[in-house]
Each structure stands twice: as structure tokens, then as C-alpha cells.
Amino acid sequence: MRDTARPMFVLVLVSFLALPWVAGTPVERRWYKGNTHTHTLWSDGDALPEVAAEWYKSHGYHFLVLSDHNVVQQGEAWRKIGTARGELAPDRLERFVERFGPGAVTLREQGGVREVRLRTLAELRAAFEEKGKFIFIAGEEITDTFGKLPIHHNSMNHTELIRPTGGTSVQDILERTVRAVEEVARKTGKPVLVHLNHPNFGWAVTAEDIARVKGERFFEVYKGHRGVRNYGDAERPGTEAIWDYAWPSWGATSSTPWPPTTRTTTTGRRRPGPPRRAAAGSGCARRR
Ligand SMILES: [Zn+2]
């Protein structure tokens, strides 16, 4: 099962990444609004990255991670103009040219096939970043599988591609992925955030899996894709119940309600209770 084909509107608030515009100065501790889970035509999204960037920037977001599957936005990449999956639909191209102008798009034709070039992250930064207002954080969705179970993590604040590690079990993949990210952080000397995505996508990752992996400190509590089962089902817990089970003694942050509140769950492990509806909104749970 593949992940979604369009930008995901997942709101995540993080306070611990020192954003570049404050680099080198005492870091002001405050909340920034951003999205750490977005897909574009760099993988299986259906829009050019400029479209996602403009949407988030114009809606008051401070940062955006283009978390395409197992790819970072570097080098030359082209996509066909067409209506198949992974192609840029002609009407979307038309709207893009109307919005950004013909000079904003690079097209070529080879053997009767029209293609569009994807802008790299460096080009996108030059076009959209604004000091104190909006930045990109480089990242990717590390997209792994165990059998048919999709195991996805988003990692950010690194430019080197982190490839899926594979593993002998779901827990092993969780463990190896976290260690791979820690290794990149160690090598680069920069903080790298990794969060497990949509544990109920494909019913791939259980609360027990998360609880047993040291360093699996964050996960996506809400995602706006119908296949991710934020609320569980009749037998299986939703993501908020997973959160309570996996990290019973940990505080966690949530973007709902605004302003952000700190939520401390009770201590002591327990089995996931009956599925409960998570509060509307979204967030990235965090172990303290
Ligand atoms: Zn995913």
C-alpha cells in the first residue's frame, strides 16, 4: 500500500529545533507552526513543491518539511505531464503557469513526451524562504516495510538521504531506523528529529512495538489521510490510546487546543482501552 498522493496537512509544533534565523544567537523558546509531513511530485504527491510551499507560507506556517518517500530534493528530476499516478496533470500545469507565470516552470519534450523539471530544495528555499517568517527544514519520509506492513518515519534537519534499513521484525525496523537517524545526527553534529508516522496505517505498528524501542520518542498522532485510521476501529486502539499505552508516564505536547497545552498522562502501563476518539486537530507526541 502506498502512502498518499497529495500534500498532507498535518500540523506539528516543535520547539526544540533551533530555526536558522536564530542560529548563532540565544535561542528564543517559543512555538513555531509547521508541517512535517508533505508529499509532492518528488515522490507520490500530485503537485509541484511550489504549490505546497505557497499554501503553507500563505496560511501562517513558519516551517515546512517536504517529506517525500526515500528521496531528498536534490539533483535533476523530471516528471511527465499526464494523468497517470506520479505525473503532473495538464490542468494543474495550466493553473501553475497562471499562478506563478510561464518563467516559473521548465518544460522539455522528448520523443513526444512532455516533462516538467522539479525544483530542488535549494531553489525552493531561494524562492520562498523569508527571514523570521518561513523556512524549509530538509527531510524525508523513510519508507520501509516488514512484509506488507508499512513502517514510515519522517526525519528532518538533515540533507543526507537516510535509506530504509529493513529488519527482521517491526520492532527491529523501528530500532534500526532510530539508530540510523541518530548516526546522521552524530556525524553532522546537528539535531535530527525523527517521528514514527501513522502507526495504524496498514495496522503496522502497535503500542507494544513503540513502547519497546528505546529512542522512538515521537509519533504522528493525527494525519489527514483516510487510510491512516487515527481513531482505530472496533478492536484496535486509535493513535491517542496508543500514545497513552506506549508512553504512560511521559508528558506530551499537542497542537490542540491552541495555545499549546502540556498533557501528562497517568503513570503505570495498561493495555489499550476501548478506542477513543482523539481530539480534532493534530500533533506530534513527544517523550520528555
Ligand atoms: Zn507514510
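Rules and cut-offs
- Residues numbered from 1 in each chain as written.
- Predicted model: local features only at pLDDT ≥ 70, side-chain atom pairs only at ≥ 80, totals over all residues.
- Helix = DSSP H or I, 4+ residues; strand = E, 2+ residues; numbered from the N terminus.
- Buried ≥ 20, exposed ≤ 12 C-beta atoms within 10 Å, placed from the backbone.
- Contact = placed C-beta atoms within 7 Å.
- Pairing = 2+ DSSP bridges.
- Axes fitted to C-alpha atoms, helices over the stretch in contact; angles between N-to-C directions.
- Expected span 1.5 Å × (residues − 1).
- pLDDT = per-residue confidence, 0-100.

## Here we look at the overall build of the protein
Reasoning step 1: Counting its secondary structure elements, the protein contains six helices and 14 strands.
Reasoning step 2: Within the protein, the proportion of its 288 residues that are buried is 40%.
Reasoning step 3: Of all intrachain contacts in the protein linking residues separated by at least 6 positions in sequence, the fraction that spans at least 24 positions is 67%.

## A closer look at the sheet that holds strand E6 (residues 113–117)
Reasoning step 1: Ordered in space as E4-E6-E5, the three strands form an open sheet in which the pairing is antiparallel. Sheet topology places strand E4 (78–80) and strand E5 (107–110) at the edges, where each strand pairs with a single neighbour. The average angle at which neighbouring strand axes cross in this sheet is 35°, direction not considered.
Reasoning step 2: Bridging between E5 and E6 involves four bridges; their strand directions are antiparallel.

## Structural notes on unusual backbone geometry
Reasoning step 1: Here asparagine 157, not a glycine, exhibits a phi torsion of approximately 80°, which is positive.
Reasoning step 2: For tryptophan 203, which is not glycine, the phi torsion reads 45° and is therefore positive.
Reasoning step 3: Note that tryptophan 203 resides in the loop between strand E10 (193–196) and helix H5 (207–212).

## Comments concerning helix H4 (residues 170–188)
Reasoning step 1: Its 19 residues give H4 an end-to-end C-alpha distance of 27 Å, which sits within 8% of 27 Å, the value for a rise of 1.5 Å per residue.
Reasoning step 2: For H4, every residue scored as buried is listed here: Val170, Gln171, Ile173, Leu174, Thr177, Val178 and Val181.
Reasoning step 3: Buried residues along H4 sit against strand E8 (139–146), strand E9 (149–156), E10 and H5.
Reasoning step 4: Positioned one or two residues after H4, glycine 189 has a phi angle of 75°, which is positive.

## Thoughts on the pairing of E6
Reasoning step 1: Of the pairings in the sheet, the one linking E4 to E6 comprises three bridges and is antiparallel in character. Paired with arginine 79 across the two strands is valine 116, which belongs to E6.
Reasoning step 2: Connecting E5 to the next strand, E6, in antiparallel fashion are two residues, including glycine 111 with a positive phi near 55°.

## A short note on the environment of alanine 52
Reasoning step 1: Its place among the elements puts alanine 52 in helix H1 (residues 49–58).
Reasoning step 2: A sequence separation of 12 residues divides alanine 52 from threonine 40, and the C-alpha atoms of the two residues are 7.5 Å apart.

## A word on the pairing of E9
Reasoning step 1: Within E9, six of the eight residues are buried, leaving the element largely enclosed by the surrounding structure.
Reasoning step 2: In this antiparallel pair of consecutive strands, E8 and E9, the connection spans two residues, and glycine 147 shows a positive phi of 60°.
Reasoning step 3: Inspection of the sheet shows E9 paired to E10 by four bridges, in the antiparallel sense. Within the sheet, the bridge partner assigned to methionine 156 lies in E10 and is leucine 193.

## Here's the deal with the confidence of the model for the protein
Reasoning step 1: Per-residue pLDDT for the protein averages 82, and the proportion of residues at 70 or more is 77%.
Reasoning step 2: In the predicted structure, residues 1–18 sits below a pLDDT of 50 and forms 68 contacts with residues beyond four places in sequence or in another chain.
Reasoning step 3: Below pLDDT 50 for its whole length, residues 250–283 participates in 79 contacts with residues either more than four positions away or in separate chains.

## With respect to the environment of leucine 118
Reasoning step 1: Position of leucine 118 among the secondary structure elements: in the loop between E6 and helix H3 (121–128).
Reasoning step 2: Between the C-alpha atoms of leucine 118 and leucine 107, which are 11 residues apart in sequence, the distance is 9.8 Å.
Reasoning step 3: Those residues within four positions of leucine 118 in sequence are excluded, and the remaining contacts are Leu41, Trp42, Leu48, Pro49, Ala77 and Arg79.

## Some details on the environment of lysine 80
Reasoning step 1: When you line up the elements, lysine 80 lands in strand E4.
Reasoning step 2: For lysine 80, a count of 15 C-beta atoms within 10 Å corresponds to the partly exposed category.
Reasoning step 3: Residues lysine 80 and valine 116, 36 residues apart in the sequence, show an inter-C-alpha distance of 6.4 Å.
Reasoning step 4: In contact with lysine 80, other than residues within four places in its own chain, are Glu87, Val113 and Glu115.

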